[in-house]
Each structure stands twice: as structure tokens, then as C-alpha cells.
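# Chain and residue survey
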Amino acid sequence: MSDLLIRVEGVSFSYRPEDSTAPLALKDINLTIARGEYVAIIGHNGSGKSTLARHLNALLVPTRGDVWVGPWNTRDARCRRDIRRTVGMVFQVPDNQIVATTVEDDVAFGPENLGVPEEELAVRVREALETVGLWEERRRPPHQLSAGQKQRLAIAGVIAMRPECLVLDEATSLLDPQGRADLLATLRRLHAAGTTIVAITHHMAEATEADRVIILEAGRIALQGTPREVFARAEALERLGLDVPPVSALANALHRRRPDFPADLLTVSELAEAVAERWTEAVP
Ligand SMILES: Nc1ncnc2c1ncn2[C@@H]1O[C@H](COP(=O)(O)OP(=O)(O)OP(=O)(O)O)[C@@H](O)[C@H]1O
Ligand SMILES: [Mg+2]
């Protein structure tokens with residue numbers, strides 16, 4: 001089995017392919033995602049994040065180029081079921097994803113449709129609800145849940161189908177800080193258990209946990225690398241109109257004044273360490 005789960009090869013996409021003057025939402029994107037990788041995709045409004053995400057489970061099919069999920073080409077309609085079983089999507093607004101009158105029935109809906117037998121269904125529902133921390137809420141109507149709980153419910157519904165890969169399109173953007181922290185903890189757990197994660201976000205700080213950060217700009221990949229590599233390039237990020245996490249911004253600013261100060265710091269403790277090491281030199 002190849003360790004590449006997704007291959008995006010020379011993909012361009014137009015929402016109006018019949019009109020050759022229409023702008024391309026994606027322009028010649030090349031990208032591979034390995035099994036078990038955690039990838040964050042960042043970019044400002046209209047940069048093509050959602051369009052790219054929808055290509056990863058065949059909700060959209062390229063105008064040019066190909067997307068492969070495992071052995072399957074997303075153009076091949078016969079493979080759609082396998083592709084959607086492999087790559088699960090979670091969207092920004094969880095209300096649109098709620099289908100049943102209790103939390104547990106909602107989670108059961110997807111796997112039931114896949115034909116999972118009843119006994120295994122119960123096991124999967126429990127496992128999914130425990131993973132997202134909603135087992136205690138299983139008998140409640142979904143509409144009574146908080147926004148953060150609803151978003152975790154949507155994730156439970158997807159992970160009950162046991163996808164190899166979870167794609168989240170700004171799944172944290174409507175959550176309060178606690179809801180966001182809980183969701184990120186859930187992603188961390190899933191990733192540790194081997195799930196491939198593709199998280200699309202506006203928030204730089206959320207990308208620090210990823211193995212790789214990909215920055216989209218006007219339908220192209222503008223910058224990619226580990227979070228450390230990407231955040232060390234504050235000027236490039238600012239040119240792209242993106243916010244830099246505060247720790248990285250401060251490290252970059254210090255690096256500009258004192259080139260021996262490292263620009264590629266991600267955490268408060270790394271920053272404190274680097275400052276403390278130079279403390280005596282800093283005081284004249
Ligand atoms: N259904 C659609 N029909 C036509 N054009 C679209 C459609 N959806 C998106 N677009 C255009 O395609 C481009 C990429 O949009 P996309 O939604 O992928 O960006 P995004 O990075 O997800 O933006 P946001 O941060 O606002 O979610 C934009 O120019 C957008 O206007
Ligand atoms: Mg979007």
C-alpha cells in the first residue's frame with residue numbers, strides 16, 4: 001500500500017468551464033498528502049480553499065488535471081462511494097449536517113447508509129461519541145447542543161464511517177475559544193490514532209499543530225512547509241495579507257533587529273528560552 005493517500009496533479013478548476021474568460025478558482029495545483037499526515041490549508045477569502053477541499057472527496061471534479069484518492073480517480077463516477085468512504089468532509093455550519101432527532105441517531109445515520117450491521121453500528125456510534133466527548137449527551141436532541149458540541153457531533157457522524165482522512169473546511173470558525181480548543185484536541189487525538197487530517201482555516205495559530213502548512217493565494221500554492229518554516233517568513237506572510245501568530249511575529253521582529261535571534265519560534269516557552277539565553281547581552 002502506497003503511503004500517499006491523495007494526489008492532486010495539475011488541477012485547474014473553473015466554476016464556469018464553458019466560458020473560457022471566466023477566472024480559474026484553482027490554477028495548476030500539484031499536491032500530495034501522505035497517509036497519517038496533518039495538513040493545514042490557509043489563505044484569505046476567495047483564495048480557493050473550499051474549492052480545493054471539495055476536490056478531495058469528489059464533490060467537485062477538476063476542469064483540468066486529476067485528483068486521486070488511493071487508487072481511485074475522482075472523475076470516475078463508479079469510485080465516488082469508495083472515495084467518500086475514505087475522505088470525510090466537515091463543513092463550517094454544523095446545523096446543515098444534522099439529520100436526526102437524537103445525538104446517537106444522528107451519528108448512526110452515515111454508517112447505517114453504508115450498510116454497517118446493527119451490532120457494529122452500536123460499537124461505532126459509541127466509539128465516535130467518546131472520541132469527540134459527547135457520549136453523555138447521546139440521548140439529547142442535537143438542537144439543544146452548543147455550537148462547539150454540534151460541530152463535534154458533525155465530526156462524530158463522519159468518523160463513525162471510519163474514513164482514513166478527515167477534511168475540515170473552517171470547522172472551528174464559528175466556535176468560541178473553548179469550543180475551538182475542544183475541537184483541536186479531538187483532531188489531535190484522531191491524528192495520533194492514524195487519521196489523516198486536512199484542516200482548512202483562516203487562523204494561523206491553528207496551523208501550528210500541523211505537519212505541513214499550505215498557503216493558497218488566488219488559486220495557487222503560494223508557500224508551503226512545516227509550520228516552523230512557514231511562520232519564520234513573516235514578511236512573505238504579511239505580503240499575502242495573512243496574520244502571523246504573535247509568538248512568530250515577535251520572533252521575526254527580534255530577528256530583524258538582531259540577526260542572531262531565531263525567527264522560527266512557535267511557542268511562548270521557546271521564545272522565553274531564546275530571550276533568556278541572550279538576556280545578558282541585551283542589557284548594555
Ligand atoms: N459556487 C460558485 N460559483 C462561482 N464561483 C465560485 C463559487 N464558489 C466559489 N467561487 C469563486 O471561486 C474562488 C475560490 O472560492 P473558494 O470558496 O474556494 O475560496 P475560499 O478560500 O474557500 O474562501 P473563503 O475563505 O471565503 O471560504 C472565489 O473567487 C469565489 O468567488
Ligand atoms: Mg471557503
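Quantities reported herein were computed from a predicted structural model and do not represent experimental measurements.

It is worth spelling out helix H4 (residues 118-131) at this point. In an α-helix, one full turn covers 3.6 residues, which means residues spaced three or four apart are oriented alike. Helix length check: H4 (14 residues) gives 20 Å between terminal C-alpha atoms against 20 Å at 1.5 Å per residue, within 8%. Among the residues of H4, those classed as buried are Leu 121, Arg 124, Val 125, Ala 128, Leu 129 and Thr 131. The arc that holds every buried residue of H4, seen down its axis, measures 155°, which confines them to one face. Within H4, the exposed residues directed more than 90 degrees away from the buried face are Glu 119 and Ala 122. Directly beyond the C-terminal end of H4, a positive phi value near 75° is found at Gly 133.

On to the pairing of strand S1 (residues 4-13). Bridge analysis of S1 against strand S2 (residues 26-34) gives six bridges, and the strand direction is antiparallel. Pairing of Phe 13 across the sheet is with Leu 26, part of S2. As paired strands, S1 and strand S4 (residues 64-69) are joined by five bridges and run antiparallel to one another. If you follow Ile 6 over to S4, its bridge partner there is Val 69.

Judged by pairing direction, the sheet is mixed, and its six strands sit side by side in the order S6-S7-S8-S3-S9-S10 without closing on themselves. Edge strands, defined here as strands with exactly one partner in the open sheet, are strand S6 (87-90) and strand S10 (220-225). Recorded for the sheet is a direction-independent mean angle of 20° between the axes of neighbouring strands. When strand S9 (residues 212-217) meets S10, the two strands line up antiparallel, connected through five bridges. Paired with Ile 215 across the two strands is Leu 223, which belongs to S10. Lying on the sheet, helix H5 (residues 147-159) is in contact with S6 and strand S7 (165-169); it crosses S6 at an angle near 165°.

Moving on: the pattern of salt bridges. Enumeration over the complete set of coordinates arrives at 20 salt bridges. Note that Arg 7 and Glu 9 form a salt bridge whose closest N and O atoms lie 3.1 Å from each other. We classify Arg 7 as partly exposed; its relative accessible area is 28%. Given a relative accessible area of 32%, Glu 9 falls into the partly exposed group. Close ionic contact of Arg 162 with Glu 120 constitutes a salt bridge, the shortest N to O distance being 3.7 Å. With a gap of 42 residues between them, Arg 162 in the loop between H5 and S7 and Glu 120 in helix H4 connect regions that are remote in the sequence. Connected through salt bridges with shared partners, the residues Glu 120, Arg 124, Glu 127 and Arg 162 form a single ionic network.

Splitting the protein chain by domain gives domain 1 (4-238) and domain 2 (245-284). The interface is formed by ten residues belonging to domain 1 together with nine residues belonging to domain 2. Between domain 1 and domain 2 lies a buried interface of about 810 Å² when both sides are counted; carbon and sulfur atoms form 61% of it. One can count two salt bridges joining domain 1 with domain 2. The partner of Arg 256 in a salt bridge is Glu 235, and the shortest N-O contact between them spans 3.3 Å. The interface formed by domain 1 and domain 2 holds five residue pairs in polar contact (both at pLDDT 80 or more) in total. Those elements giving two or more residues to the side of domain 1 that touches domain 2 turn out to be helix H7 (227-231) and helix H8 (234-239). In terms of residue count, H7 provides more of the side of domain 1 that touches domain 2 than any other element does, three residues in total. Tallied by class, the residues present in the side of domain 1 that touches domain 2 amount to six nonpolar, one polar and three charged.

Reading the values: rules and limits
- Residues numbered from 1 in each chain as written.
- Chains lettered and ligands numbered in written order.
- Predicted model: local features only at pLDDT ≥ 70, side-chain atom pairs only at ≥ 80, totals over all residues.
- Heavy atoms only, no water.
- Helix = DSSP H or I, 4+ residues; strand = E, 2+ residues; numbered from the N terminus.
- Expected span 1.5 Å × (residues − 1).
- Buried < 20%, exposed > 50% of the residue type's maximum accessible area, 1.4 Å probe, protein only.
- Arc of directions from axis to C-beta.
- Pairing = 2+ DSSP bridges.
- Axes fitted to C-alpha atoms, helices over the stretch in contact; angles between N-to-C directions.
- Contact = heavy atoms within 4.5 Å.
- Salt bridge = Lys/Arg side-chain N within 4 Å of Asp/Glu carboxyl O.
- Domains from an automatic or database assignment.
- Buried area = accessible area lost by both parts, 1.4 Å probe.
- Polar contact = N/O pair within 3.5 Å; in protein donor to acceptor, adjacent residues only side chain to side chain.
- Nonpolar A, V, L, I, M, F, W, Y, C, P; charged D, E, K, R; others polar.

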